[in-house]
Amino acid sequence: MFKRNLWKFNQAMVFQRSSCWRKVRPICDHSTIERAPNSSHHVTIEKDADYSSWMVDHPSALTSFDQMMKDAKGKKIAVFLDYDGTLSPIVDDPDRAFMSDEMRAAVEEVAKYFQTAIISGRSRDKVKGFVKLNNIYYAGSHGMDIMAPRPVRSSDGNCLTVSHDRKGNDVVFQPAQKFLPAIQKISKELKEAIMKIPGARVEDNIFCVSVHFRQAREEDYGTLEEKVKSILEHYPDLRFGCGKKVMEIRPSIEWNKGNALEYLLDTLGLGNCTNVLPVYIGDDKTDEDAFKVIQKRGQGYPIVVTSIPKDTKASYSLYDPSEVLTFLSCLARWRKS
């Protein structure tokens, strides 16, 4: 326990809000850290040797913050964020994956200074309902449903043609429109097929369908997967994928979070700029597509959120959403200073 606390003491960076700390320099003090109320850091555990070794190749974005910002001087930063497991903790009930007020305030503050977007597997309306901010971009269904909070212009300065959803919001891009009838049909079939499996549930994310089994019994996992794949066999235009205790049905098109990242950069007029540093923070395997895009660009900060070693294209790491909160707070404070 002592080693764990000592490690966190040395790794952490602070963004204290009390007046007595506002004069502290540097921007992020490594000695203390402000945590979210439900942070997993309240449970002190010994970090195993594998994780420490893994961090050699994926150092903490907190302890690397000063160098990262030094390299970013004179460049434009754009911020892209996953939602579940990044801005909110992973929870048993997906409808209760609420972000904290502190996290919301940090995202809002970052968006004051940097173009900011959330790219989630959730439906666009659902993730916006969780975040409740109007000064950022939202890309739902793994980027297959992108909405901008202001008129969007292409790299040449011309306004893009936009469609409108039923609520009158500007919907910039929906590349999977033609798959919508099939998605709606399979969603209904899946709900009927798994209703007798305790703890399993279907979430309609508009352009993809999620089958959650975090609350299901482990002995039912195989049966659940068989039912899902059996139904999917009748939908050749849809494909199967997996996440954290979730199975996903998505359109069979070459579009993912990496494509959404590129699309947003382009519509912001940043796609062909050599002085742009995209910061992408995510925790799931679907975020790896965005990490690959940044890696291919040769500049930017792909940051994975994980408490265990994992194969990733990310260059930096954060342990959990509480460290994401600290990083975002530091980023806003760095810009203000």
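Quick note: structure is the one above.
Scope of this entry: the structure provided in the associated data block. (Residues numbered from 1 in each chain as written. Predicted model: local features only at pLDDT ≥ 70, side-chain atom pairs only at ≥ 80, totals over all residues. Heavy atoms only, no water.)

### Details of the sheet that holds strand 7 (residues 201-204)
For the record, the criterion: Here, a strand pair is defined by DSSP locating no fewer than two bridges between the strands. The numbering of helices and of strands both runs from the N terminus, where a helix is a DSSP run of H or I of at least 4 residues and a strand a run of E of at least 2. Throughout, an axis means a line fitted to C-alpha atoms (over the contacting stretch in the case of helices), and angles, computed between N-to-C directions, take values from 0 to 180 degrees. Whether two residues are in contact is decided by their heavy atoms, any of which lying within 4.5 Å being enough.
Taking strand neighbours across the sheet as the criterion, the 4 strands line up as 7-8-10-9 in an open arrangement whose pairing is antiparallel. Edge strands, defined here as strands with exactly one partner in the open sheet, are strand 7 and strand 9 (238-243). On average, adjacent strands in this sheet sit at an angle of 20° to one another, irrespective of strand direction. The pairing of strand 8 (residues 209-212) with strand 10 (residues 246-251) spans 4 bridges and is classified as antiparallel. Residue pairing in the sheet places Ser210 in a bridge with Glu248 of strand 10. Its contacts with the sheet put helix 7 (residues 221-232) on strand 8, strand 9 and strand 10, and the angle it makes with strand 9 is roughly 160°.

### Focus on the pattern of salt bridges
To keep it simple, the criterion reads: Basic side-chain nitrogens of Lys or Arg form a salt bridge, by our definition, when they fall within 4 Å of a carboxyl oxygen of Asp or Glu. For every residue, the accessible area (1.4 Å probe, protein chains only) is compared with the maximum for its type, and the residue is labelled buried under 20%, exposed over 50%, or partly exposed between those bounds.
What the rule picks out here adds up to 17 salt bridges. Notably, a salt bridge pairs Asp82 with Lys257, separated by 3.2 Å at the nearest N-O pair. On the criterion of sequence distance, the pair formed by Asp82 in the loop between strand 1 (76-81) and helix 4 (101-113) and Lys257 in helix 8 (residues 257-267) is long-range, its members being 175 residues apart. Of the two residues, Asp82 and Lys257, both sit in the buried class. Put simply, Arg124 and Asp145 hold a salt bridge, and the shortest N to O gap is 3.1 Å. Remark: Asp145 occurs in strand 4 (residues 145-147) and Arg124 occurs in helix 5 (residues 124-131); sequence separation between them is 21 residues. On the basis of relative accessible area, Asp145 is assigned to the buried category, the value being 4%. One network of salt bridges, with partners in common, ties together Asp84, Asp93, Asp95, Arg122, Lys126, Arg201 and Glu203.

### Topic: helix 8
What counts, and what does not: Pairs of N or O atoms are called polar contacts if they sit within 3.5 Å, as long as, within protein, a hydrogen donor faces a hydrogen acceptor (for residues adjacent in sequence, only side-chain-to-side-chain pairs).
With 9 of its 11 residues buried, helix 8 lies for the most part within the structure. With a side-chain oxygen lying 2.8 Å from the backbone nitrogen of Gly258, the N-terminal cap of helix 8 falls on Asn256. Following helix 8 by one or two positions, Gly269 adopts a phi angle in the positive range, close to 80°.

### Some remarks on helix 4
Residue pairs spaced three or four apart in an α-helix point in one direction, given the helix's 3.6 residues per turn. The test is simple: Every helix has an expected span of 1.5 Å times one less than the residues it contains.
Counted at 1.5 Å a residue, the expected span for helix 4 with its 13 residues is 18 Å, and the 19 Å between its end C-alpha atoms agrees. Turning to helix 4, its buried residues number three or more, namely Met103, Arg104, Ala106, Val107, Glu109, Val110 and Ala111. Close packing links the buried residues of helix 4 with strand 1, strand 2 (115-119), helix 5 and helix 10 (321-336).

### With respect to unusual backbone geometry
For Ser141, which is not a glycine, the phi torsion comes out positive at approximately 50°. Residue position: Ser141 is located in the loop between strand 3 (137-140) and strand 4. For Ser141, a relative accessible area of 0% puts it in the buried group. Unusually for a residue other than glycine, Ile206 sits at a positive phi of about 70°. Summarising the element assignment, Ile206 is placed in the loop between strand 7 and strand 8.

### Some words on the packing of helix 8 against helix 9 (residues 288-297)
How we decide: Should an angle fall under 35 degrees it is taken as roughly parallel, and over 145 as roughly antiparallel, whereas 65 to 115 is taken as roughly perpendicular and any remaining angle as oblique. Basically, the charged four are Asp, Glu, Lys and Arg, the nonpolar ten are Ala, Val, Leu, Ile, Met, Phe, Trp, Tyr, Cys and Pro, and anything else, Gly included, counts as polar.
In the contact formed by helix 8 and helix 9, the axes pass within 6 Å of each other and the chain directions differ by 55°. Between helix 8 and helix 9, the interaxial angle falls into the category oblique. Contacts between helix 8 and helix 9 pair Lys257, Gly258, Leu261, Glu262 and Leu265 from the former with Asp289, Ala290, Val293, Ile294 and Arg297 from the latter. For the contact of helix 8 with helix 9, a count of residues per class yields 5 nonpolar, 1 polar and 4 charged.

### Considering the pairing of strand 8
Side chains Val209 and Val211 of strand 8 all project onto a buried face; the interleaved residues Ser210 and His212 project onto the opposite face, where all are buried too. Examined bridge by bridge, strand 7 and strand 8 share 4 bridges and lie antiparallel to one another. Paired with Glu203 across the strands is Ser210, a residue of strand 8. Remark: 4 residues form the turn of the hairpin made by strand 7 and strand 8, two consecutive strands paired antiparallel; Ile206 in that turn has positive phi of roughly 70°.

### Examining the packing of aromatic side chains
Inclusion rule: Centres within 6.5 Å are what make two rings of Phe, Tyr or Trp a pair, Trp counting through its six-membered ring; a difference in plane orientation under 30 degrees is then read as stacked, over 60 as edge-to-face, and the rest as tilted. A ring has a charge above it when a Lys NZ or an Arg CZ is no more than 6 Å from the ring centre and no more than 35 degrees off the ring normal.
Considering all chains together, one arrives at 11 aromatic pairs under this definition. Centre to centre, the rings of Tyr280 and Phe291 are 5.7 Å apart; their planes meet at 90°, and the pair counts as edge-to-face. Pair noted here: Tyr280 is in strand 11 (residues 276-282) and Phe291 is in helix 9, with a separation of 11 residues, a long-range link. Of the residues examined, Tyr280 reaches a relative accessible area of 0% and is grouped as buried. On the basis of relative accessibility, which here comes to 0%, the residue Phe291 falls in the buried class. Members of the aromatic cluster, joined through ring pairs, are Tyr51, Trp54 and Tyr319. Sitting above the plane of the Phe240 ring, Lys229 keeps its charged end 4.9 Å from the centroid.

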